[in-house]
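Okay, here's what each chain looks like letter by letter:
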Amino acid sequence: MQDVDGVQPLATWKPHSDLSSMLFELWAYVGDVVGLYNGVIMTETTIRTARLRRSLRRMTDLLGYRARPSVGAVTEIAAFADRDQTLGSVAFRSSTPTQVFESQGGRVSGKTSEYTLSSVVKAAGGGLNEARLLLDPATASAVRGRPVMFVWYDVIIRQHATEIVSVSSIKAVDAREYVEIRVTKPATQIPDPTDYRMVSLASPSQRAYLRTGLFESQDGFPIGKTDPLLDSDIHSLNDGLGLPNGAPEEELEHTISPQDYTDEDRKQSFVELDSVYRSIFAGDYVIVQYNSYFSAHRVTLTEEIQLKLKGSGSPDVFLPITRLRVNPAIDTAKVLDTKPWSVVIHYNMHDVGRLMRLAHTELTPDIVLNTPLPLEGIHDKPADPPTRFILEDADGKGVLVNGKLDVQPNGSATLTISGPEWDGGLRVPVKAYGNVLDISRGETVQDEVLGDGDPTQAHQTFKLAKTPLTYFSQPGAASGVVSTLEVRVDGILWRERPSFYGAGPNDPVYIVRHDDDQNTFITFGDGVRGLRLPTGRGNVRAKYRHGAGAEAPPAGAINQIIKNVTGLKGVRSPIVARGGGDAETSKDIRKHAPASALVLGRCVSLADFAARTAMTAGVRSCKVEYAWDEPSQTAGVKVWYIPNDPGVDLGDQIVADLQAMSEPGTPIRAEAAAPQQRVLFLNLEIERDRVPVDVEAAVRAALLDPENGPLAIENTPIGGPLSRSLIVGAAKSIAGVLDVTSMYFAFDHPPVPFPTPGLALDPGQYLDLGDFDAVRLVVSAYHAESRGCRDLVS
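Residues numbered from 1 in each chain as written. Predicted model: local features only at pLDDT ≥ 70, side-chain atom pairs only at ≥ 80, totals over all residues. Heavy atoms only, no water.

(A) Up close: the overall build of the protein. In terms of regular secondary structure, the protein is built from 11 helices and 49 strands. The C-alpha radius of gyration computed for the protein amounts to 41 Å, which surpasses the reference 28 Å derived for 794 residues by more than 25%, pointing to a less compact arrangement than a globule. Projected onto its principal axes, the C-alpha positions of the protein cover 165 × 90 × 50 Å. Buried residues in the protein amount to 44% of all 794 residues. Within the protein, contacts between residues at least 6 apart in sequence are counted, and of these 73% link residues at least 24 apart. (Helix = DSSP H or I, 4+ residues; strand = E, 2+ residues; numbered from the N terminus. Rg over C-alpha atoms; globule rule 2.2 N^0.38 Å. Buried < 20%, exposed > 50% of the residue type's maximum accessible area, 1.4 Å probe, protein only. Contact = heavy atoms within 4.5 Å.)

See the structure below:
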């Protein structure tokens, strides 16, 4: 063979010198090969460095660690039925991605399929001190330019008067029709919180005037102070209260005592009118107006008096007029005594409409929890009212809640939601579904023949036809999950064990193992540890479900009933499936296996709780700490976790699992960590012969590497310091990077430099720059100037 650049293939190599040189060169070849394989062997014999799945499996088996298989997601759906019935197992298919979910049965009713929540408004507080008020169009009769009076209960009955300056019909932001009135003086005297439903609005239809200078009176001005209210007057005045027409009946239930009246509340004024007004009675309300001044009062006494007509001569001419006594007293300083004919007394009040509030456009837990929410329409009372409901908003967002349905004999109904709380708001209109079915991912294989039993074979092994085998998270299970596999031999159910250790020769047990492709293998005993299979043809059979993984259909995607079920018309799935997880990768095994070996089947230390939480399907990262637990008034375990899918709540599942693995009564709380989403800019100085784009991509990949990158979500500390030196060190480890010249958070006002020595995060927060395809980490590189150029410029 012809030489190529002076190099010969090993097969044609021949020594060019004596035997000693030949032996030395041969030994060099052997040393290189041995050194190479020694390095590989050393790498593959340590869990932290092993890369081959076979090596990891061999070492983790010694620890008793079983890698978590693929786990199926679970969720709840709402069923629409046209009859009352109990469902058996029903299968449903999602549209994207195509996955099968199954329900193991449940009770449904044609009367509880769907409800619509009526508009929810805030009953108390704010809004009455504004110049813009809303009335129910069905009851509104306000007229522009007329006075209006507010009447409400605040220890005693109080009133406030102003003037209507405009009346218009509007469609507000909550999509409801209202009559809007604007007034000159808002009802600032109404304290917060006051239930707006307990405020009455009234307007007068008639008017009277003060007596003029044509009458002679010893009191002079027709308005003046008089004796204060006596206790007997108060009792008489509040018999029936005498509120304006249309006032809420609830106001009549208040009991008012004379002790509730202060000295200021007892003051009265007399008012002498210009004529006889027999349609004004004690207990009526009147409004005193002088130019832009309005005040509301209650008539406590009416009487007819005779006044002499000024300049009538002899004999004297007397004319009757009406004299009123009103409470509270009129502020005479605001009523000019030089023009009494300009003062108008408005009376004969009538209701001008029911005061309304804008309905909430979003329903949050603090608004609706433990409050009876009216439902639209007329409803039949179900024989077995549901206690769980799915709420779905206008955007398709859904939450599962506990609630009590109350249907009145007239068909009106309310729903009282008792919890649990949810994040964010539900945009109206909101529907409530009462037929809730628990479903889980996986399609059932009913009776698969695995093969024939042969007692002459030890550790006889079979492979399931469908993959992957479905597992579900189960609190307290040895590995945190439980299989759906049932194996029967000759119709008798055998039991699964994690290993054959401790099994006797007559124990009908088997073990389950998975390869890297998630194929499932079932192995039986050898007659020493575990019973051998008996002879039979097709006598080894399995029932199981297949289908699992982290990928889950979005909200609303589970909408197909695979097989028609009588009485079941359709389903809705507004709640996102949760709890699914892919089989553990080699990276996960290297991280979790050593930590799990310390747990020993029981959570005692914080490290134990953290290791157990990290094994939960759907958990990307976690932090465990001791914290004060308010409900139990003692120290407890607080778990912060980052879910694989943002918005998925795994708190209840984590708490149930940890409580099953720890001392009974240990306070444990789990909460999703809050992402602090910011945009981080890194400016790099690189070598002149490097391509900036290549260096930028390499630095970005190093910082966001899921295994070692300091800015990867898996490695970002939760509620702890994020060191600046780690970021700089990872960036400068890339070939061609000379320095990190600046590092700052953009789009803050002004931009904030990354702090030194590091970023302090609040408890339960983590820095979220996204995964590798996100754009919240921006790396910019520029070439360094040569030293000679710098010196020349200087």
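(B) Up close: the sheet that holds strand β40 (residues 634-643). Read from one edge of the open sheet, three strands run β39-β40-β41, paired in mixed fashion. With partners counted over all chains shown, the strands left at the sheet margins are β39 (619-629) and β41 (668-672), one partner each. Across the sheet, the mean angle from the axis of one strand to that of its neighbour is 25 degrees, orientation sign disregarded. Pairing geometry for β40 and β41, over five bridges, is parallel. Paired with Lys638 across the strands is Arg669, a residue of β41. Running at roughly 150 degrees to β41, helix α8 (residues 651-661) makes contact with β39, β40 and β41 of the sheet. (Pairing = 2+ DSSP bridges. Axes fitted to C-alpha atoms, helices over the stretch in contact; angles between N-to-C directions.)

(C) Molecular detail of the packing of aromatic side chains. All told, the structure shown has seven aromatic pairs when counted by the stated rule. Taking the centre distance of 5.5 Å and the plane angle of 75 degrees together, the rings of Phe80 and Tyr433 count as edge-to-face. Residue Phe80 is located in strand β1 (residues 74-81), and its partner Tyr433 is located in strand β26 (residues 431-433); the two are separated by 353 residues in the primary sequence. Comparing Phe80 with Tyr433 shows no difference in burial state: the two are buried. Where Phe745 meets Phe754, the ring centres are 5.6 Å apart and the plane angle is 35 degrees; that geometry is what we call tilted. For the pair Phe745 and Phe754, one class covers both residues: buried. In textbook terms, an aromatic cluster arises when at least three aromatic residues are bridged by ring pairs, as seen for Phe462, Trp494, Tyr510 and Phe524. The ring of Phe270 carries the charged tip of Arg323 above its face, separated from the ring centre by 4.3 Å. The aromatic ring of Phe745 is capped on one face by Arg678, whose charged end is 3.9 Å from the ring centroid. (Phe/Tyr/Trp six-rings, centres within 6.5 Å; stacked < 30°, edge-to-face > 60°. Lys NZ or Arg CZ within 6 Å of the ring centre and 35° of its normal.)

(D) Representation of the sheet that holds strand β27 (residues 436-441). Overall, antiparallel pairing links the six strands, which are arranged β37-β3-β4-β27-β1-β38 in an open sheet. Each of the sheet's edge strands pairs with one partner strand only, and the pair in question is β37 (558-561) and β38 (568-572). Direction aside, the axes of adjacent strands within the sheet are offset by 40 degrees on average. With four bridges joining them, β1 and β38 adopt antiparallel strand pairing. In the strand pairing of β38, Phe80 is matched with Gly570.

(E) Here's a closer look at the packing of helix α7 (residues 606-614) against α8. At a minimum axis distance of 10 Å, the contact between α7 and α8 shows a crossing angle of 135 degrees. If you check the angle between α7 and α8, you find them oblique. The two elements α7 and α8 cross, and the hand of that crossing is right-handed. Facing α7, whose interface residues are Phe609, Arg612 and Thr613, α8 presents Ile654, Asp657, Leu658 and Met661. Partitioned by chemical class, the residues of the contact of α7 with α8 number four nonpolar, one polar and two charged. (Parallel < 35°, antiparallel > 145°, perpendicular 65-115°, else oblique. Left-handed = near helix turned anticlockwise from the far one by under 90°. Nonpolar A, V, L, I, M, F, W, Y, C, P; charged D, E, K, R; others polar.)

(F) Highlighting the packing of helix α2 (residues 53-63) against helix α6 (residues 586-596). Packing of α2 against α6 leaves a shortest axis separation of 11 Å and a crossing angle of 25 degrees. When the axis of α2 is compared with that of α6, the two are roughly parallel. Along this stretch, α2 crosses α6, giving a crossing that reads as left-handed. The residues of α6 that touch α2, namely those facing Arg53, Leu56, Thr60 and Leu63, are Ser586, Ile589, Arg590 and Ala593. A breakdown of the residues in the contact of α2 with α6 according to their chemical character gives four nonpolar, two polar and two charged.

(G) Looking closely at unusual backbone geometry. That bond from Gly419 to Pro420 is cis: its omega, -5 degrees, falls within 30 degrees of zero. For the bond running from Val428 to Pro429, omega is 0 degrees, close enough to zero to count as cis. As for its position among the elements, Pro429 is in the loop between β25 (426-427) and β26. One non-glycine residue with positive phi stands out, namely Val155, at about 70 degrees. Relative to the helices and strands, Val155 is located in the loop between β8 (147-154) and β9 (156-171). Its identity as a non-glycine residue notwithstanding, Asn348 has a phi of 60 degrees, on the positive side. Mapped onto the secondary structure, Asn348 falls in strand β18 (residues 344-351).

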